[in-house]
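Reading the structure
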Amino acid sequence: MLDTVLFDMGGTLEDINYDEATARKVTLKLMEMLRAKGLVFDDTPETFWEKVDAGVKRYKAWSQSVDLELKPEEIWPDFYLQAFDFDRETIVSMAEDLASMWEVTYFNRKLRPGVVEMLDALKARGYKLGIISNTAALYSVFHVLEEYGIRQYFEDVTLSSVTGYRKPHEGIFRISLYEMRSLPENAVYVGDTMSRDIIGSKRAGFAVAVQIKSFMTGPSDTKVKQSEYQPDYVIADFSELVRILDTMQENAS
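Notes on the structure in this doc start here. Along each chain, numbering runs from 1 in the same order as the chain's sequence is written. In keeping with the model being predicted, local features are shown solely for residues with a pLDDT of at least 70 and side-chain atom pairs are shown and tallied solely at 80 or more, while totals for entire chains, interfaces and linings include all residues. As a rule here, side-chain values cover all heavy atoms of the structure and leave hydrogens and water aside.

**Things to note about the pattern of salt bridges**
Criterion for a salt bridge: a side-chain nitrogen of Lys or Arg within 4 Å of a carboxyl oxygen of Asp or Glu. Here the structure, examined in full by the defined rule, presents 14 salt bridges. Measuring nitrogen to oxygen at the nearest pair gives 3.1 Å for the salt bridge that ties D53 to K57. Of this pair, D53 and K57 both sit in helix 2 (residues 45-66), four residues apart, roughly one helical turn. Note on classification: 1.4 Å probe, protein chains only; a residue is buried when its accessible area is under 20% of the maximum for its type, exposed when over 50%, partly exposed between these limits. The class for D53 is buried, based on a relative accessible area of 18%. Looking at K57, the relative accessible area reads 54%, which means it is exposed. Elements are defined by DSSP. Helices are runs of H or I of four residues or more, strands are runs of E of two residues or more, and each kind is numbered from the N terminus.

**Thoughts on the packing of aromatic side chains**
Geometry of aromatic contacts follows a simple scheme: Phe, Tyr and Trp rings, the Trp one being its six-membered ring, pair when their centres are within 6.5 Å, and the pair is stacked under 30 degrees between planes, edge-to-face over 60, tilted otherwise. All told, the structure shown has 24 aromatic pairs when counted by the stated rule. Ring centres of F84 and F86 lie 5.1 Å apart, and the angle between their planes is 5°; on these two criteria the pair is classed as stacked. Both residues of the pair, F84 and F86, count as buried. The rings of Y18, W49, Y59, W62, W76, F79, Y80, W102, Y106, F107 and F215 are connected pair by pair, giving a single aromatic cluster.

**Some remarks on unusual backbone geometry**
Omega for the bond connecting K167 with P168 falls within 30 degrees of zero, at 20°, which places this linkage in the cis form. Along the polypeptide, P168 turns up in the loop between helix 8 (160-163) and helix 9 (170-180). The backbone of D67 sits at a positive phi, close to 55°, despite the residue not being glycine. Note on placement: D67 falls in the loop between helix 2 and helix 3 (72-80). Residue class for D67 comes out buried when judged on its relative accessible area of 17%.

**Some details on the nonpolar core**
As a rule of thumb, soluble globular proteins bury nonpolar side chains together. Formed by 34 residues in total, the largest nonpolar core has its most connected members in L30, L34, W76, L81 and W102. Of all the secondary structure elements, the ones that give two or more residues to this core are helix 1 (20-36), helix 2, helix 3 and helix 5 (95-105). Sort the elements by how many residues they give to this core and helix 1 lands first, with six residues. What makes two residues a contact is simply this: any of their non-hydrogen atoms within 4.5 Å. Ignoring any residue separated from it by four or fewer positions in sequence, one finds L81 in contact with L30, L34, V52, W76, F86, I91 and L98. By convention a nonpolar core is built from buried Ala, Val, Leu, Ile, Met, Phe, Trp, Tyr and Cys residues, the set being connected through side-chain atoms within 4.5 Å. In this structure, L119, A121, Y127 and I212 belong to the second largest nonpolar core, which totals 32 residues.

Right, here's the structure in full:
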């Protein structure tokens, strides 16, 4: 009997995207924060971004190759800002502030339509609800959930920055299930990417994997070849999710 529904955050519960404008915005904010700490550099915004972006890509390549997540105190001095001769302790001391700023500045974010109605419907039906999210910040997901006014729906929020495992690593899914006191055969996972969400939840033994595509689906799944793991359902909006689960429960009874 299905009793648990877990969600991805960025790209699933919320629409997110990035572009040249957000890259410019995060560059200027990052330069401002570093200078406020007395750190000196002569780069233009363009050369500054080139160096940071190279570090971001280097970290992304490493983390995706091992499905692991480092803490902000390691990511920022050793990857994102590695090209600069900054005092390491200063960067470590402000790493979480930098990570949180990045999450809400580099990405445009907004809650998907129908999320609140869907969460209300699932709660009314008795489902346990939770979140599993890849993020390089420790607290930003909680802040964003509070801003959306939906934090109270979720019994647990499991983050890669806390567990050290990135989706699709089975570890992060199993930790979430443990915290939720749920079994994989009774769980549904909803996410936007094949590479992280569908493959990861299926490997972890979830009964049902649901895909809702987003801006992030294409960039994240470009390297995914034919996989033995496929979504059980692909939905366009969250009202479909409620109907699918209702039908599955009726058929199981």
